[in-house]
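Inside the fold
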Amino acid sequence: MSDTVASQNPELFENLRLELRRGCLILAVMAALRTEQYGYTLRKALAEHGMEIDEGTLYPLLRRLESQKLLSSEWREEEKRNKRFYKLSPEGKQMLKLLLTEWQKMDASLNGILKEQSHGTSRAVPASR
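Residues numbered from 1 in each chain as written. Predicted model: local features only at pLDDT ≥ 70, side-chain atom pairs only at ≥ 80, totals over all residues. Heavy atoms only, no water.

Take the sheet that holds strand β2 (residues 71–78) next. Strands sit in the order β1-β3-β2 across an open sheet of 3 strands; the sheet is antiparallel. A single partner strand is all that each edge strand has here, and the edge strands are β1 (37–38) and β2. Relative to strand β3 (residues 81–88), β1 is paired through 2 bridges, and the arrangement is antiparallel. By the bridge assignment, Tyr38 is partnered in β3 with Phe85. (Pairing = 2+ DSSP bridges. Helix = DSSP H or I, 4+ residues; strand = E, 2+ residues; numbered from the N terminus.)

See the structure below:
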């Protein structure tokens with residue numbers, strides 16, 4: 001945290017960082033579960049892409065997504081251990097498609113705003129799109 005604002009108010013920075021990360025994690029977990037995985041392999045796959053998530057965050061998220069009918073899961077024995085495998089439900093696949101479309105719109109908008117600011121131009125952005 002070398003930035004002065006972040007170092008002057010680390011608690012605020014951390015709260016904002018976590019808020020930004022929360023939505024990204026939901027999208028990352030759903031995208032990763034297009035193929036069936038259990039918790040450990042899911043955590044490993046996310047970490048390989050720079051999206052580290054601890055168990056205390058991952059498992060409550062998985063339970064919440066399942067209670068929202070976006071995931072389905074089943075217990076199976078693998079390597080002499082019972083493991084819970086998760087995958088996107090049909091509703092989850094539809095929701096992921098909608099969320100990815102929304103993500104792409106927001107990403108394009110944010111990149112446009114950042115590009116304008118980096119080039120020193122500033123123009124009014126329409127209130128709604």
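Take the packing of aromatic side chains next. Evaluated as defined, the whole model comprises 1 aromatic pair. Pairing Tyr38 with Phe85 gives two aromatic rings, centres 5.4 Å apart and planes at 70 degrees, and the pair type is edge-to-face. Placement of Tyr38 in strand β1 and of Phe85 in strand β3 is noted, with a sequence separation of 47 residues between them. When its relative accessible area of 7% is taken as the criterion, Phe85 is described as buried. Positioned above the aromatic ring of Phe85 is the side chain of Arg76, whose terminal nitrogen or guanidinium carbon lies 4.0 Å from the ring centre. (Phe/Tyr/Trp six-rings, centres within 6.5 Å; stacked < 30°, edge-to-face > 60°. Buried < 20%, exposed > 50% of the residue type's maximum accessible area, 1.4 Å probe, protein only. Lys NZ or Arg CZ within 6 Å of the ring centre and 35° of its normal.)

On to the pairing of β3. By the bridge criterion, 8 bridges tie β2 to β3 in an arrangement that is antiparallel. Across the sheet, residue Glu78 finds its bridge partner in β3, namely Arg81.

Our next topic: the side chain of Lys83. Mapped onto the fold, Lys83 is located in strand β3. We classify Lys83 as buried; its relative accessible area is 6%. Looking at Lys83, its side chain comes within polar contact range of the side chain of Tyr38, at 3.1 Å. Apart from the residues within four sequence positions on either side, Lys83 is in contact with Tyr38, Glu74, Trp75, Arg76 and Glu78. (Polar contact = N/O pair within 3.5 Å; in protein donor to acceptor, adjacent residues only side chain to side chain. Contact = heavy atoms within 4.5 Å.)

Turning our eyes to something else, we now look at a nonpolar patch on the surface. Residues Met95, Leu98 and Leu99 make up a contiguous nonpolar surface patch of roughly 260 Å² in combined accessible area. For Leu98, the position within the fold is in helix α5 (residues 90–118). (Patch = residues over 30% accessible without salt bridge, like charges linked within 9 Å, V, L, I, M, F, W, Y side chains within 5 Å. Areas by Shrake-Rupley, 256 points an atom, 1.4 Å probe, with all protein chains shown as cover. Salt bridge = Lys/Arg side-chain N within 4 Å of Asp/Glu carboxyl O.)

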